[in-house]
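Take a look at the letters that make up each chain.
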Amino acid sequence: MAFKIVADSSCDLTRFSAVDFASVPLTIMAGERTFVDDARLDPREMLDYLATYKGRSTTACPNPDDWRAAFGEADEVVCITITSNLSGACNSARIAREDYLRQHPQRKVLVVDSLSTGPEMVLLIEKVAEWHLAGYTFEAIERMVEDYRQTTHLTFALESLRSLVNNGRVSPAVAALAGLLNIRIVGIASDVGTLQPVNKCRGEKRTQQGLINAMKERGFKGGKVRIAHNNPALAEIMTSLIREIAPDTDIQAYQARGLVSFYAEDGGILIGYEG
Ligand code: X90
């Protein structure tokens, strides 16, 4: 029984060694350049280019064929996607699933809408792998992942909402009303998988405190933490602030890949954690 985890590239993992894994890239388009969010992409170089590029830029989710190819020949696939409320990736994975099962009725595909992105997806991926290696059946994993997803959360700090607003992922009315377009904000992934600003933050200390407060308010007590960022200094500070609350917390911080870097921009940070 070949088992595989497939996720879109907003999870920021280019490889994952615990079980068979594939990341399906989204793409970022800006002027003459197309950035495919795979292992070959240099997110730093992309951000530097975007800083100089003043025209329109957009992103595109994988199409069903991309997902279908990533499922490969696995008998059991757990497919984890970015929130269906901000991207078509989940819908296109569902179409790929139908197609796969039509061709191979005996196989199984579970599409999990993370209602989140980035490091919260990593928590789901790691947990599913852990369960599979511990011998749980596909059906058990299907039930357990639904419960686990309710206990994980995402909070983030962004330098601005510009890329999100320009691409219609946050309504301009909401951003403008709140005066959030050009100011650093702390936000959370809402229960329905949309971006929910929690406060505007002037200054580094307030941002750090805003992130910690958001984590505490949604039940952080020392569970696992994954941090994707375009801000090594802030990631380091957040790691020590989290360790002050829970010294033994399992924390990993890493550079965000293309899709997350595009929307979170230079300076952004996303924190996925267990509540
Ligand atoms: O389909 C596409 O083209 C991709 C669209 C993705 C839009 C959202 C990306 C968000 C990336 C920014 C902060 C986290 C917000 C999470 C809210 C659930 C990261």
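Notes on the structure follow. (Residues numbered from 1 in each chain as written. Predicted model: local features only at pLDDT ≥ 70, side-chain atom pairs only at ≥ 80, totals over all residues. Heavy atoms only, no water.)

A word on the packing of helix α8 (residues 204-217) against helix α9 (residues 232-245)
Cut-off, in case you're wondering: A fitted line through C-alpha atoms serves as each axis, taken over the contacting stretch for helices, and the angle formed by two N-to-C directions is quoted from 0 to 180°. A run of H or I in DSSP becomes a helix once it reaches four residues, and a run of E becomes a strand once it reaches two; helices and strands are each numbered from the N terminus. For classification purposes, angles smaller than 35 degrees are called roughly parallel, those larger than 145 roughly antiparallel, those between 65 and 115 roughly perpendicular, and all remaining angles oblique. The crossing is said to be left-handed when, going from far helix to near helix, the turn is anticlockwise and less than a right angle, and right-handed when the turn is clockwise. Only heavy atoms enter the contact rule, under which two residues are in contact if any of them lie within 4.5 Å. Polarity classes work like this: nonpolar for Ala, Val, Leu, Ile, Met, Phe, Trp, Tyr, Cys and Pro, charged for Asp, Glu, Lys and Arg, and polar for all others, with Gly in that last group.
One way to put it is that α8 packs onto α9 with a least axis distance of 11 Å and a crossing angle of 45°. As far as their axial angle goes, α9 and α8 are oblique. Along this stretch, α8 crosses α9, giving a crossing that reads as right-handed. Taken together, the residues of α9 that come into contact with α8 (itself represented by Gln-208, Leu-211, Ile-212, Met-215 and Lys-216) are Leu-234, Ile-237, Met-238, Leu-241, Ile-242 and Ile-245. Its residues assigned to classes, the contact of α8 with α9 comprises nine nonpolar, one polar and one charged.

Topic: the site of the ligand
This is how it is decided: For each residue, the test is whether any non-hydrogen atom lies within 4 Å of the molecule or strand; if one does, the residue is near. We define a polar contact as two N or O atoms separated by no more than 3.5 Å, with the added condition that, inside protein, one atom must be a possible hydrogen donor and the other a possible acceptor, whereas residues neighbouring each other in sequence contribute only through side-chain atom pairs. As used throughout, domain bounds are those supplied by an automatic or database domain assignment.
Close to the ligand lie 18 residues, the nearest being Thr-59, Cys-61, Leu-86, Ser-87 and Arg-169. For the ligand, an oxygen atom lies 3.4 Å from a polar atom in the side chain of Arg-169. Of all the secondary structure elements, the ones that give two or more residues to the shell around the ligand are β5 (57-60) and β8 (152-158). Its residues assigned to classes, the shell around the ligand comprises twelve nonpolar, five polar and one charged. Both domains that meet at the shell around the ligand, namely domain 1 (3-26 + 61-149) and domain 2 (152-274), each give it at least three residues.

Remarks on the side chain of Thr-155
Stated formally: For the exposure calls, accessible area comes from a 1.4 Å probe over protein chains only, and a residue counts as buried if that area is under 20% of its type's maximum, exposed if over 50%, partly exposed in between.
In this fold, Thr-155 is placed in strand β8. Given a relative accessible area of 0%, Thr-155 falls into the buried group. At 3.0 Å, the side chain of Thr-155 forms a polar contact with the backbone oxygen of Gly-187. The residues contacting Thr-155, other than those within four sequence positions of it, are Val-186, Gly-187, Ile-188, Leu-211, Ala-214, Met-215, Ile-269, Leu-270, Ile-271 and Tyr-273.

A few points about the packing of aromatic side chains
Applied cut-off: Working definition: rings of Phe, Tyr and Trp (its six-membered ring) pair if their centres are within 6.5 Å, and the pair is stacked with planes under 30 degrees apart, edge-to-face with planes over 60 apart, and tilted otherwise. Look at NZ for Lys and CZ for Arg. If either is within 6 Å of the ring centre and within 35 degrees of the ring normal, a charge sits over the ring.
One pass over the structure, following the stated rule, counts seven aromatic pairs. Seen in terms of ring centroids, Phe-71 and Tyr-100 are 5.2 Å apart; in terms of plane orientation they differ by 75°. Their pairing is edge-to-face. Taken together, the residues Phe-71 in helix α2 (residues 64-71) and Tyr-100 in helix α3 (residues 89-103) connect sequence positions 29 residues apart. Of the residues examined, Tyr-100 reaches a relative accessible area of 0% and is grouped as buried. Aromatic side chains Trp-131 and Tyr-148 sit 6.0 Å apart centroid to centroid with 80° between the ring planes, which places their arrangement in the edge-to-face category. In this pair, Trp-131 is assigned in helix α4 (residues 118-133) and Tyr-148 in helix α5 (residues 138-149), connecting sequence segments 17 residues apart. Of the two residues, Trp-131 and Tyr-148, both sit in the buried class. The ring of Tyr-49 carries the charged tip of Arg-33 above its face, separated from the ring centre by 5.1 Å.

Digging into unusual backbone geometry
Look at Asp-12: it is not a glycine, yet its phi comes out positive at around 70°. Following the sequence through the fold, Asp-12 ends up in the loop between β1 (3-8) and β2 (21-24). For Glu-265, which is not glycine, the phi torsion reads 65° and is therefore positive. One can find Glu-265 in the loop between α10 (258-264) and β13 (269-274). Judged by relative accessible area, Glu-265 falls into the buried class, the value being 15%.

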